Amino acid sequence: MSNYHIKHLEEYYQVYRKSVRNPEAFWEEIAEEHFLWRKKWDNVLSWDFKKPEVKWFEGAKLNITENCLDRHLATRGDKVAILFEPNDPKEEAQHITYRDLYHRVNQFANVLKSKGIKKGDRVCIYLPMIPELAISLLACARIGAIHSVVFAGFSATALATRINDSDCKMVITSDGSYRGKKTIDLKCIVDEALEDCNGVESVLVAKRIHSECNMKEGRDEWLQPLLDAASDQLTATVMDAEDPLFILYTSGSTGMPKGMVHTTAGYMVYSAYTFKNVFQYRENDVYWCTADIGWITGHSYIVYGPLANGATSVMFEGVPSYPDYGRFWEIVEKHKVSQFYTAPTAIRALAKEGVEHVEKHDLSSLKVLGTVGEPINEEAWHWYDDNIGKRRAPIVDTWWQTETGGIMITPIPYSTPTKPTYATLPFMGIQPALMDEQGKEIKGNQVDGRLCIKFPWPSIARTIWGNHQRYKETYFSAYENMYFTGDGALRDEVGYYRITGRVDDVIIVSGHNLGTAPIEDAINEHPAVAESAIVGFPHDVKGNALYGYVTLKETGESRNHDNLRKEINQIITEQIGPIAKLNKIQFTNGLPKTRSGKIMRRILRKIASKDTSNLGDTSTLLNPECVQEIMDNAL
Ligand code: WT7
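Residues numbered from 1 in each chain as written. Predicted model: local features only at pLDDT ≥ 70, side-chain atom pairs only at ≥ 80, totals over all residues. Heavy atoms only, no water.

In this section: the overall build of the protein chain. Counting its regular elements, the protein chain contains 20 helices and 30 strands. The globule rule puts the C-alpha radius of gyration for 635 residues at 26 Å, and the 24 Å found for the protein chain is close to it. In terms of principal-axis extent, the alpha carbons of the protein chain reach across some 75 × 65 × 55 Å. Across the 635 residues that make up the protein chain, the buried fraction comes to 61%. Long-range contacts, defined as pairs at least 24 residues apart, comprise 72% of the intrachain contacts of the protein chain with a sequence gap of at least 6. Carbon and sulfur atoms make up 46% of the accessible area of the protein chain, which totals about 24100 Å². Between the mean site of the 72 positive side-chain charges and the mean site of the 83 negative ones, the protein chain shows a separation of 3 Å. (Helix = DSSP H or I, 4+ residues; strand = E, 2+ residues; numbered from the N terminus. Rg over C-alpha atoms; globule rule 2.2 N^0.38 Å. Buried < 20%, exposed > 50% of the residue type's maximum accessible area, 1.4 Å probe, protein only. Contact = heavy atoms within 4.5 Å. Areas by Shrake-Rupley, 256 points an atom, 1.4 Å probe, with all protein chains shown as cover. Lys, Arg positive; Asp, Glu negative; His and termini not counted. Charge placed at Lys NZ, Arg CZ, Asp CG, Glu CD.)

Moving on: the pairing of strand β28 (residues 529–539). Here β28 pairs with strand β29 (residues 543–552) via ten bridges, running antiparallel. Note that in β29 the partner of Val529 across the bridge is Leu552. In this structure, the hairpin formed by β28 and β29 is closed by a connection of three residues. (Pairing = 2+ DSSP bridges.)

As for its position among the elements, Arg601 is in helix α19 (residues 601–608). For Arg601, the contacting residues outside a window of four places in its chain are Asp505, Thr516, Glu520, Ala533, Ile534 and Val535.

Bringing the sheet that holds strand β30 (residues 584–587) into the picture now. Spatially, three strands are ordered β28-β29-β30 in an open sheet, and the strand pairing comes out mixed. The open sheet terminates on both sides in strands that have one partner only, identified here as β28 and β30. Across the sheet, the axes of successive neighbouring strands diverge by a mean angle of 20°, strand direction being ignored. (Axes fitted to C-alpha atoms, helices over the stretch in contact; angles between N-to-C directions.)

Okay, the domain arrangement of the protein chain next. One frequent convention defines the size of an interface as the accessible area lost when the parts assemble. Once the domains are mapped, the protein chain shows domain 1 (2–319 + 398–476) and domain 2 (506–632). Computed over C-alpha atoms, the centres of domain 1 and domain 2 are 34 Å apart. Taken together, the contact pairs 13 residues of domain 1 with 15 residues of domain 2. Interface area, domain 1 with domain 2, both sides summed: about 910 Å², of which 52% is carbon and sulfur. Counting across the domain 1 and domain 2 interface gives zero salt bridges. Summed over the shared surface of domain 1 and domain 2, the number is six residue pairs in polar contact (both at pLDDT 80 or more). Tallied by class, residues from the side of domain 1 that touches domain 2 come to four nonpolar, nine polar and no charged. (Domains from an automatic or database assignment. Buried area = accessible area lost by both parts, 1.4 Å probe. Salt bridge = Lys/Arg side-chain N within 4 Å of Asp/Glu carboxyl O. Polar contact = N/O pair within 3.5 Å; in protein donor to acceptor, adjacent residues only side chain to side chain. Nonpolar A, V, L, I, M, F, W, Y, C, P; charged D, E, K, R; others polar.)

The next point concerns the side chain of Thr274. With respect to the helices, strands and loops of the structure, Thr274 is situated in helix α10 (residues 264–278). In this structure Thr274 comes out as buried when scored by relative accessible area, which is 0%. Excluding residues that lie within four positions of it along the chain, Thr274 makes contacts with Phe279, Tyr301, Ile407 and Phe427.

Before going further, it helps to examine the site of the ligand. Within the structure, the ligand sits among 17 residues, and Asp397, Thr398, Thr402, Asp487 and Arg502 are positioned closest to it. One of the backbone N or O atoms of Pro375 is found 3.4 Å from a nitrogen atom in the ligand. Contact distances for the ligand include 2.5 Å between an oxygen atom and a side-chain N or O atom of Thr402. Relative to its unbound accessible area of 550 Å², the ligand is 95% covered by the protein chains. Put simply, the parts of the chain that give the shell around the ligand at least two residues each are α11 (296–308) and β25 (497–502). Its residues assigned to classes, the shell around the ligand comprises seven nonpolar, six polar and four charged. (Near = heavy atom within 4 Å.)

Among the five residues that make up strand β11 (residues 202–206), five are buried, leaving the element largely enclosed by the rest of the structure. Across the two faces of β11 the burial is the same, with Ser202, Leu204 and Ala206 and Val203 and Val205 all buried. One ladder, built from five bridges, connects strand β8 (residues 170–174) with β11; its direction is parallel. Within the sheet, the bridge partner assigned to Ser174 lies in β11 and is Ala206. In this structure, β11 lies alongside strand β12 (residues 220–222), joined through three bridges in parallel fashion. Bridge pairing links Val205 to Trp222 in β12.

Together, Glu192, Glu195, Asp196 and Glu574 give the surface a local cluster of negative charge. Inspection of the secondary structure assignment puts Glu192 in helix α8 (residues 186–194). The exposure class of Glu192 is partly exposed, given its relative accessible area of 49%. (Patch = residues over 30% accessible without salt bridge, like charges linked within 9 Å, V, L, I, M, F, W, Y side chains within 5 Å.)

Our next topic: the sheet that holds strand β16 (residues 286–289). Overall, mixed pairing links the seven strands, which are arranged β5-β4-β17-β16-β18-β19-β20 in an open sheet. At either margin of the open sheet sits one strand with a lone partner, and together these are β5 (94–97) and β20 (395–397). For this sheet the average axis-to-axis angle between neighbouring strands, irrespective of direction, equals 20°. Contacts from helix α5 (residues 98–114) reach β4 (80–85) and β5 within the one sheet, and its direction differs from that of β5 by about 80°.

With that out of the way, let us pick up helix α7 (residues 156–165). Within the span of α7, buried status applies to Ala156, Ala158, Leu159, Ala160, Arg162 and Ile163. Of the surrounding secondary structure, the elements contacted by the buried residues of α7 are β6 (122–126), β8, α8, β14 (244–250) and α18 (561–575). Backbone geometry just downstream of α7 places Asp167 in the positive-phi region, at approximately 55°.

A side chain of one charge can pair with a side chain of the opposite charge when the charged atoms of the two come close. Taken as a whole, this structure holds 40 salt bridges when the rule is applied. As a salt-bridge pair, Lys334 and Glu85 come within 3.0 Å of each other at their nearest N and O atoms. Highlighted residues: Lys334 in helix α12 (residues 327–335) and Glu85 in strand β4, separated in sequence by 249 residues. Under the relative-accessibility criterion, Lys334 is labelled partly exposed at 41%. For Glu85, a relative accessible area of 0% gives the class buried. Arg601 is paired through a salt bridge with Glu520; the nearest N and O atoms lie 2.8 Å apart. Of this pair, Arg601 sits in helix α19 while Glu520 sits in helix α17 (residues 516–524), and the two are 81 residues apart along the sequence.

Let's shift gears to the nonpolar core. Most often, soluble globular proteins keep nonpolar side chains buried together rather than apart. Counting 123 residues, the largest nonpolar core has Trp37, Phe57 and Tyr304 as its most contacted members. Other than its neighbours up to four places away in sequence, Phe57 contacts Trp27, Glu28, Ala31, Trp37, Trp41, Asn43, Val44, Ala241, Ala265, Gly266 and Val269. One finds Tyr126, Ile163, Val529 and Ile571 within the second-largest nonpolar core, a separate group that totals 43 residues. (Core = buried A, V, L, I, M, F, W, Y, C linked by side-chain atoms within 4.5 Å.)

Below you can see the structure in the form of structure tokens.
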């Protein structure tokens, strides 16, 4: 029996050493024993970070849905696979068993086929957190179509950009969504997006809020009648190990969002194996990750990882504040949740509301607590530990990225002693390195640097859709023969890692990854705006919030600044989505620039963070006079 379930720190080190001494043998053993293959691989790994190119389990044939569904039918057919908890607590939860899910995925996949979707076609999924979302991912995977899920909080413009970038043939959406007291007309957003998307042939619409929507003849169809008419049997399409499974967009420091491409076998093996170990999942546990499936956390740790392990995975439609701030804890009690995985921003928001909401509920079912998405501050860590885990349930602070496909640095609960704000130790097979700015590796402990990974792991993204050059430049050019994460980190005296945050122009707001460039581009579309620069500043709930410096075309602009602020945020909402709105907007006569015309964000960051005691060297600025003006008028 291989080390599929790690239990003690000595065992961790033992397995870890083995995993990095011979990663191929390590992952081969995991892959052999725990998955269903139509055909085994000819070669475990070939890689070259210079090209870059990575291939795992080449020559193997499989379908990930046979691993997530078919193989559980004999032993877990009646076990709940997806436990759907609706937005409204008065609406009944849905217990979707592995057998039900299998049938529903087959029906959905048959509908996709009947609409002409074939292996390799891209399908955009723009759905709220309803069962159809999980089912549509699996239905695509069943027939080898590449899903591209776009978070349903993105605007029509952002959706259109993503649909066009990967040339999607179909969009799956719903009439609308519930979020707390609000309803959102998603189908209208899709209609607007599709005005700019010529490649989309069909739109399938799930009914959720029963709103009137406009159905375009020949393009749009209601989903349910099609599902009702479809067969619930379908043999899965046989896929190659390296066939793309999905595309998921993430923000970059510059330009267009990056369509990260994940492939089939390596992603399956890594998401499943990390799920089992990081959450120490046991057969009768109920596991709940509060993320949206629109993000990588939901792909790997609501859908694929849990289902590949035959787990029960809770899917929650609503928000933590509805009907009140006790909702998460009410759900934990109601479904006797064993593992709970959320983001620091949610923890901070709930901590603010006081412990009354927590104390009403029995949280004794909890065995493991997880956090992900951004650094967790010490106060939030302790609040989580004291009030939710009651110091009994270990906290796993899991560091990873859309690009990594699965958890990379994390404690193993009940094995790794935890330390607040530390993601602690690398997962099996992960070889981190800290680098200095000259490109040299910093060895030893009690050091900090830029976080890189030296060796491929099975679920590393293989490329950026349609732009391999950008993939190379972004991740493999900063340091020779290394994957560069974009994060800074420190390593303490025992070798534990603490992630200190992004070192590029990506800002993490409430756990959402936002690039500054697209936001600036949106602002600059306002007719009165000449130029803008966005930086992050510390915020007690969001982690970071956005601060915008804006120069106007006409100095002495007579227009009301509050109105301008509203209009700017309106443009951002239209172009990207409400998550990218600015908390503060300062109008200024100039932005500090280098002689080559590059905006000095370092200075702007310090001013926004009210940390102006040492602005560093400003002598190289083209226009040093504007710094004082910006400081005098800082918000
Ligand atoms: C960035 C990746 C992977 C799931 C969600 C985010 C930050 C993620 C942690 C953590 C400190 C973290 C990093 C990373 N991040 N987890 N535990 N501690 N920072 O995925 O949107 O691709 O964002 O999130 O800065 O690079 P993503």
